[in-house]
Amino acid sequence: MNCKYFGECGACRVYEGGYEHQLALKVEVNKERFKLFYSGSISIFKSPQKNYRSRSEFKIWHIEDKIHYAMNHIDKKSIVLIDECPQVTQPIFDLMPKLLKAIKENNIDFKLFGADFLSSNNGETVVSLLYHRKLDLAWKETASKIASELGIYIIGRSRKQKVTIGEDYVTEILNINGEEFRFKYIENSFTQPNSKVNEEMIDWALKNLSNIDGDLLELYCGAGNFTIPFAKNFRKVLATEISKSSINAAKANMDLNSVKNIEFVRMGVEEFTQALDGVREFNRMKDIDINSYNINTIFVDPPRSGMDNATCEFVSRYETILYISCNPETLVRDLEILCKTHRVDDLALFDQFPYTHHAEMGVKLTRKKEYQEKNIKDEI
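Computed from a predicted structure; not experimentally measured.

Rules behind the numbers
- Residues numbered from 1 in each chain as written.
- Predicted model: local features only at pLDDT ≥ 70, side-chain atom pairs only at ≥ 80, totals over all residues.
- Heavy atoms only, no water.
- Helix = DSSP H or I, 4+ residues; strand = E, 2+ residues; numbered from the N terminus.
- Buried < 20%, exposed > 50% of the residue type's maximum accessible area, 1.4 Å probe, protein only.
- Core = buried A, V, L, I, M, F, W, Y, C linked by side-chain atoms within 4.5 Å.
- Contact = heavy atoms within 4.5 Å.
- Pairing = 2+ DSSP bridges.
- Axes fitted to C-alpha atoms, helices over the stretch in contact; angles between N-to-C directions.

1. A word on unusual backbone geometry
Consideration 1: With a phi close to 55°, asparagine 51 is a non-glycine residue in the positive phi region.
Consideration 2: Summarising the element assignment, asparagine 51 is placed in the loop between strand E1 (43–45) and strand E2 (55–63).
Consideration 3: For asparagine 51, a relative accessible area of 23% translates into the label partly exposed.
Consideration 4: A positive phi angle, close to 55°, is found at asparagine 177, a residue other than glycine.

Structure below.
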């Protein structure tokens, strides 16, 4: 089966009728979903219709003496072989057949079961080859030759083993309203898969955070995808993230962009709230003068599970809330709490994952007048 027709693999197509039709369905569904909280028009940010995915994962399927890229069928009971995949960026699209041919001709396909691709806008590409066997020196020498011939980085992975040829990251350049930002995207870690829509999300968020006094607090900051562009709009930014590797990447990306006014803290929301309220002292906060911050605005980009009730209550302390959600269902649940004290001023849909039912949403909330004085003592 040839995925250039956006076939039946399930990751490629849910809706019939082409891109504009499937996008219209998403908009209709989400207008209905959020009608209790917002009656204005939803800002719609489209995706390119092809070559939009900079991060993709494929199975390697063995049939007799041949190997193929493959994905699970939508029924999860069968496999779809992939001849072409126009959803991936052009560098990955061009590389896929060349890599498969080189793997086979150089006999490094034994117990190979997966290939993960990560590319940047300028074509820098790292490929992770996944094996059910230990990789030896002969494999490394052969893979090094292939990497050199194809102009890519290759990482070999097997159980408790990682062999890196070249780099294990690519450097992405995002253009936000005419300004360039550089990010190291590390293999096997989360990155936004649709760089064009990611640029739109950051630009939308920046516009909603313009002309706001005070400093910014960010929860779930990841590797600084939003944090670093935000820094230009605020005197200081305090950003938290529970993942150690993400915090390390965020600090590296801050240096890469010569940004100086961000403090990154490796903490979950519950711990951070305890530190903020003086309930507990944490060594990770010892170098941060929390009293020097004047935070009126909070930005959150939680995982698909959204925020729990306690986090929603914490977020409600702040005058302005900007919320990016990769799961509209959990966003609706969280808005039931947030909209007790805040109103929705803007709502956006970002088509991060075309030809699927997924939609990324952006919401700006401002505290209702009757709550502007109440609980002000809880703010920093």
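2. Some words on the nonpolar core
Consideration 1: Judged by nonpolar contacts, the single largest core of 46 residues is most densely connected at Leu217, Met285, Ile298, Phe314, Val315, Leu335 and Leu338.
Consideration 2: No other element matches helix H9 (residues 328–338), which puts 5 residues into this core.
Consideration 3: Excluding residues that lie within four positions of it along the chain, leucine 335 makes contacts with Phe34, Phe37, Val344, Val363 and Leu365.
Consideration 4: Phe45, Ile228, Phe299 and Ile324 belong to the second largest nonpolar core, which has 38 residues in total.

3. Things to note about the sheet that holds strand E5 (residues 112–119)
Consideration 1: The 7 strands lie next to each other as E4-E3-E2-E5-E6-E7-E8, forming an open sheet whose pairing is mixed. Strands at the two margins of the open sheet, each flanked by one partner only, are strand E4 (79–82) and strand E8 (161–165). Ignoring strand direction, the axes of neighbouring strands in this sheet form an average angle of 30°.
Consideration 2: Both E5 and strand E6 (residues 125–131) contribute to a ladder of 7 bridges, which runs antiparallel. The residue bridging leucine 112 from the neighbouring strand is tyrosine 131, located in E6.
Consideration 3: The sheet strands contacting helix H2 (residues 90–105) are E2, strand E3 (66–72), E5 and E6, and the helix crosses E3 at an angle near 135°.
Consideration 4: Along the sheet, helix H3 (residues 137–150) makes contact with E6, strand E7 (153–158) and E8, crossing E8 at roughly 40°.

4. Focus on the sheet that holds E1
Consideration 1: On the basis of which strands lie adjacent, the open sheet formed by 8 strands has the order E1-E16-E17-E15-E14-E11-E12-E13 and mixed pairing. If you trace the sheet from one side to the other, it starts and ends with E1 and strand E13 (262–266), each paired once. Direction aside, the axes of adjacent strands within the sheet are offset by 15° on average.
Consideration 2: One ladder, built from 3 bridges, connects strand E11 (residues 215–219) with strand E12 (residues 237–241); its direction is parallel. Residue leucine 217 lies in a different strand from E12, and its bridge partner there is leucine 238.
Consideration 3: Each of E1, strand E15 (320–325), strand E16 (342–350) and strand E17 (360–367) is contacted by helix H4 (residues 195–208), which is oriented at about 160° to E16, the strand it contacts most.
Consideration 4: Lying on the sheet, helix H6 (residues 244–256) is in contact with E12 and E13; it crosses E13 at an angle near 165°.

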